[in-house]
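Understanding the architecture of this molecule
Listed here are the chains, written in short residue letters.
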Amino acid sequence: MDSPRHFLARALRRVARAVDSERGQPIDISDDYVTWVCFANAGMLNRGNLYCFDYALRNLPSTDPIVEIGSFCGLSTNLLVHYMRKHGATNHLFTCDPWDFERSGLSSGENLPGSPLSFVEYRNFVKETYVRNVQMFSRDHLPHSVECSSDEFFDAWRKKLRVRDVFGRDAELGGQISFCYVDGNHSEEFARRDFDNCNEFLAPGGFVLFDDSAKGLPFHGVQRVVAEVSASCRYEMVACNPNHLFRKLAE
Ligand SMILES: C[S@@+](CC[C@H](N)C(=O)[O-])C[C@H]1O[C@@H](n2cnc3c(N)ncnc32)[C@H](O)[C@@H]1O
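Residues numbered from 1 in each chain as written. Predicted model: local features only at pLDDT ≥ 70, side-chain atom pairs only at ≥ 80, totals over all residues.

A count of helical and extended segments in the protein chain gives 8 helices and 9 strands. Residues counted as buried form 37% of the 251 residues belonging to the protein chain. In the protein chain, once contacts between residues fewer than 6 apart in sequence are set aside, the share between residues at least 24 apart is 70%. (Helix = DSSP H or I, 4+ residues; strand = E, 2+ residues; numbered from the N terminus. Buried ≥ 20, exposed ≤ 12 C-beta atoms within 10 Å, placed from the backbone. Contact = placed C-beta atoms within 7 Å.)

Here we come to the packing of helix α7 (residues 188-201) against helix α8 (residues 220-231). Two measures define how a pair of helices packs: the angle their axes make with one another and the distance between the axes. One can describe the packing of α7 onto α8 by two numbers: an axis separation of 7 Å at closest approach and a directional angle of 35°. For the pair α7 and α8, the crossing hand works out as right-handed. Residues Glu-188, Ala-191, Arg-192 and Phe-195 of α7 lie in contact with α8, whose contacting residues are Gly-221, Val-222, Arg-224, Val-225 and Val-229. (Axes fitted to C-alpha atoms, helices over the stretch in contact; angles between N-to-C directions. Left-handed = near helix turned anticlockwise from the far one by under 90°.)

Right, let's talk about the site of the ligand for a bit. Residues in contact with the ligand amount to 23 residues; listed here are only the nearest, Gly-43, Gly-70, Ser-76, Gly-184 and Asn-185. Of the residues in the shell around the ligand, the class split is 11 nonpolar, 8 polar and 4 charged. (Near = placed C-beta within 6 Å. Nonpolar A, V, L, I, M, F, W, Y, C, P; charged D, E, K, R; others polar.)

For the rest of this paragraph, the subject is the packing of helix α2 (residues 32-40) against helix α4 (residues 75-86). In contact at an axis separation of 10 Å, α2 and α4 are set at 160° when each is read in the N-to-C sense. The angle between α2 and α4 places the two elements in the roughly antiparallel class. In this structure, α2 meets α4 at a crossing whose hand is right-handed. Of α4, the residues touching α2 (which contributes Tyr-33, Val-34, Val-37 and Cys-38) are Leu-75, Asn-78, Leu-79 and His-82. (Parallel < 35°, antiparallel > 145°, perpendicular 65-115°, else oblique.)

Our focus in this paragraph is the confidence of the model for the protein chain. Overall, the prediction assigns the protein chain a mean pLDDT of 91, with 90% of residues at 70 or greater. Considering only residues more than four positions removed or in separate chains, one finds that residues 4-23, a stretch of pLDDT under 50, has 5 contacts. (pLDDT = per-residue confidence, 0-100.)

Examined against the element boundaries, Ala-89 turns out to sit in the loop between α4 and β2 (93-96). Exposure remark for Ala-89: the 20 C-beta atoms within 10 Å place this residue in the buried category. In this structure the C-alpha to C-alpha distance between Ala-89 and Asn-59, which are 30 residues apart in sequence, comes to 9.8 Å. Each residue touching Ala-89, except ones within four places of it in the same chain, is listed here: Leu-57, Leu-60 and Met-84.

This is the structure:
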């Protein structure tokens, strides 16, 4: 039971958030745990996405799996798990990343400019960092993380393949999904294919969140895909904070 002081503090925080959102400021629901994880876990996460994670995970339509496209060092993976824990969501979490970093412009044999480190060493380091971060912060809800591109992942999902994850465990793919976080290759071609693939498996009432879809960012391809989803009558936009979260409507 909350004490009156806690209750008042929570109510004031809620009012402050509402005022912020009216002013067009993204709502940031970061808590102390989020701050600690962000402190230690490298990554690229707009804090506004946390509100979208929280919303989707609180309103999941089913116990179908959740999919993350693009994990990098595991920051968003760990924070997805944080909000899953908070809402008692026991859905399996699948992630995919080839750890080849779009736009790196480097071939595998090349060194990082101005350094003695090869690109291969760098990407292996990032992948190992992912494994370590997720084993640390999400050990109670370890995702099935598959080392492949989203195209390969959905192809395997469609074929209901059994795959080996980066933690050495086997996992069966396939079936409906309840939430997809799209944060892989941000070009229009990839973002559209990621959406089409996700749409094929997303349960009615399920969610899709496009990272880096906010107005003003240089990801115009992602913005065009988001505009199409917005205009379609099959999805409703449930948050723009500043990235876009959509819910699939029942057919
Ligand atoms: C912006 S980072 C992801 C950031 C991460 N979500 C975080 O919380 O820090 C993009 C990641 O997507 C991965 N990626 C690039 N193309 C991809 C693809 N086609 N499928 C899946 N992941 C991809 C990259 O290797 C990179 O790790």
